[in-house]
Amino acid sequence: MYRQIHVGKGSTLDELIAEFLAAKNIVAFTGAGISTECGIPDYRSPGGIWSKMTPIQFSDFMTSEEARLEDWRRRFLMYQQFGDAQPGSGHRALRALHDAGQLRSVVTQNIDGLHSKSGLPSEKVIELHGNGTFATCMSCGAHHDIEWAEAEIERTTSSPCCRLCSGHVKAAIISFGQMMPEEEMDRAVRDAQAADLMVVIGSSLVVHPAAQIPELAKDSGAQLLIINREPTPLDWMADGLFHGEISTFFERLLVECGSSTSG
Ligand code: NAD
Ligand code: ZN
């Protein structure tokens, strides 16, 4: 892009999509907004989860049985929403770009597993905040099913303990105050530095350090495109900007790609 294409400010959606499709090495940075059309609420839109409850800190989970039980109660509710959800237009478009050989990776803040459900290979999906569709032992790392955890709480009325080592079992998401996953952060940084286009889809870009990834891509020479209903702190540096519905952008892009099929 040789000039800023901010849709609504003298530029059209078609111009923005044409620039998008010219990219060869796209890295997407996705947030909760890409999954709202799939029926999973985001945190910061009015009525979102964030406005309703205080987050549980990692240290509280590890030290307080009460906090663990409350954390699990919330995870089960989220897991129910995830279970029925199907990939939306943004997930499907990223899959189409992968099939066309234009997608380097998806760096996601989401924990709903929908990028994988769209058929993207696991090595293309970098989950910075973990995954809420399964659980792990905090001592030995063993995997456990969410359904198993639910049955354990029902059976014992206590938070679930690992079958192998009796450690605390926790949904495999990164909680507030918990260390970011090192390998995923390293991969996200590497891909951000190598991208020719960084596209932010449905993120308020206020959760750090994850939100530094798009900025790093821009600083490393990538074009920055932001697709979000509301303004973000990085709008001022964006080469392309679309303030609107993710489905408006990606349903159109899917038609241009010649693919409107899922999975
Ligand atoms: P956020 O809630 O802070 O921001 C979401 C942004 O998406 C908002 O700015 C909103 O205006 C926009 N948006 C929502 N629906 C949209 C739509 N249909 N079209 C266009 N824009 C839309 O989310 P975040 O930046 O991802 O940060 C929140 C944190 O919460 C992340 O760490 C994430 O792990 C977690 N989270 C994940 C899920 C999920 O996995 N689906 C859901 C809620 C929260
Ligand atoms: Zn264990």
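Just so it is clear, the structure is predicted and the values come from calculations on it, not from any experiment.

Draft legend 1. View of the site of ligand 1. Taken together, the neighbourhood of ligand 1 is formed by 26 residues, with Arg44, Gln109, His129, Ser204 and Glu230 sitting nearest. One of the backbone N or O atoms of glutamine 109 is found 2.3 Å from an oxygen atom in ligand 1. Here an oxygen atom of ligand 1 and a side-chain polar atom of glutamate 230 are 2.6 Å apart. Taken by itself ligand 1 offers 840 Å² of open surface, and the protein chains cover 97% of this.

Draft legend 2. Local environment of the sheet that holds strand 5 (residues 130-137). Taken in spatial order, the 3 strands make up an open sheet running 6-5-7, and their pairing is antiparallel. Of all the strands in the sheet, just strand 6 (143-144) and strand 7 (169-173) have a single pairing partner and so form its edges. Strands in contact with helix 6 (residues 146-156) are strand 5, strand 6 and strand 7; relative to strand 5, the strand with the most contacts, it is inclined by about 60°.

Draft legend 3. Local environment of the packing of helix 4 (residues 89-99) against helix 9 (residues 246-257). Taken N-terminus to C-terminus, the directions of helix 4 and helix 9 make an angle of 30°; their axes are 8 Å apart at the nearest point. The angle between helix 4 and helix 9 falls in the class roughly parallel. Crossing geometry of helix 4 relative to helix 9 is assigned as left-handed. Taken together, the residues of helix 9 that come into contact with helix 4 (itself represented by Ser89, Gly90, Arg92, Ala93, Ala96 and Leu97) are Ile246, Ser247, Phe250, Glu251, Leu253, Leu254 and Cys257. Tallied by class, residues from the contact of helix 4 with helix 9 come to 8 nonpolar, 3 polar and 2 charged.

Draft legend 4. The arrangement of the coordination of the zinc ion (ligand 2) in detail. Around the zinc ion (ligand 2), the protein supplies Cys137 (SG), Cys140 (SG), Cys162 (SG) and Cys165 (SG) as donor atoms, at distances of 2.2 to 2.4 Å. For the zinc ion (ligand 2), the 4 donor atoms are set out with angles of 97 to 117° between them, so the coordination reads as tetrahedral. Read in sequence order, the donor residues coordinating the zinc ion (ligand 2) give the pattern C-x2-C-x21-C-x2-C. Remark: cysteine 165 occurs in the loop between helix 6 and strand 7 and cysteine 140 occurs in the loop between strand 5 and strand 6; sequence separation between them is 25 residues. On the basis of relative accessibility, which here comes to 43%, the residue cysteine 140 falls in the partly exposed class. Of the residues examined, cysteine 165 reaches a relative accessible area of 34% and is grouped as partly exposed.

Draft legend 5. The arrangement of the layout of surface pockets in detail. If you add up the space inside the second largest pocket, you get close to 270 Å³. Looking at the second largest pocket, it is lined by 15 residues, and the ones nearest its centre are Gly130, Ala172, Ile173, Ile174 and Pro181. If you list the elements that add at least two residues to the lining of the second largest pocket, you get strand 5 and strand 7. Taken together, the residues of the lining of the second largest pocket sort by class into 8 nonpolar, 4 polar and 3 charged.

Draft legend 6. Broad picture of the packing of helix 1 (residues 13-21) against helix 9. Put simply, helix 1 and helix 9 touch, their axes get as near as 10 Å, and they point 60° apart. The angle between helix 1 and helix 9 falls in the class oblique. Here helix 1 and helix 9 pass one another in a crossing that is right-handed. Contact with helix 1, carried on its side by Leu13, Asp14, Leu16, Ile17, Phe20 and Leu21, involves Thr248, Phe249, Phe250, Arg252, Leu253, Glu256 and Cys257 of helix 9 and no other residues of that element. Residue composition of the contact of helix 1 with helix 9, by class: 9 nonpolar, 1 polar and 3 charged.

What counts and what doesn't
- Residues numbered from 1 in each chain as written.
- Chains lettered and ligands numbered in written order.
- Predicted model: local features only at pLDDT ≥ 70, side-chain atom pairs only at ≥ 80, totals over all residues.
- Heavy atoms only, no water.
- Near = heavy atom within 4 Å.
- Polar contact = N/O pair within 3.5 Å; in protein donor to acceptor, adjacent residues only side chain to side chain.
- Areas by Shrake-Rupley, 256 points an atom, 1.4 Å probe, with all protein chains shown as cover.
- Pairing = 2+ DSSP bridges.
- Helix = DSSP H or I, 4+ residues; strand = E, 2+ residues; numbered from the N terminus.
- Contact = heavy atoms within 4.5 Å.
- Axes fitted to C-alpha atoms, helices over the stretch in contact; angles between N-to-C directions.
- Parallel < 35°, antiparallel > 145°, perpendicular 65-115°, else oblique.
- Left-handed = near helix turned anticlockwise from the far one by under 90°.
- Nonpolar A, V, L, I, M, F, W, Y, C, P; charged D, E, K, R; others polar.
- Donors = N, O, S within 2.8 Å, 3.2 Å for Na, K, Ca; no water.
- Tetrahedral: all angles 85-135°; square planar, octahedral: opposite > 155°, others 65-115°.
- Buried < 20%, exposed > 50% of the residue type's maximum accessible area, 1.4 Å probe, protein only.
- 1 Å grid on protein atoms, 1.4 Å probe; cavity = no way out; pocket = protein on both sides within 12 Å on 5 of 7 lines; lining within 4 Å.
- Points joined across faces, edges and corners; volume = space filled by probe spheres on them.

Coordinates in, geometry out; function isn't part of it.
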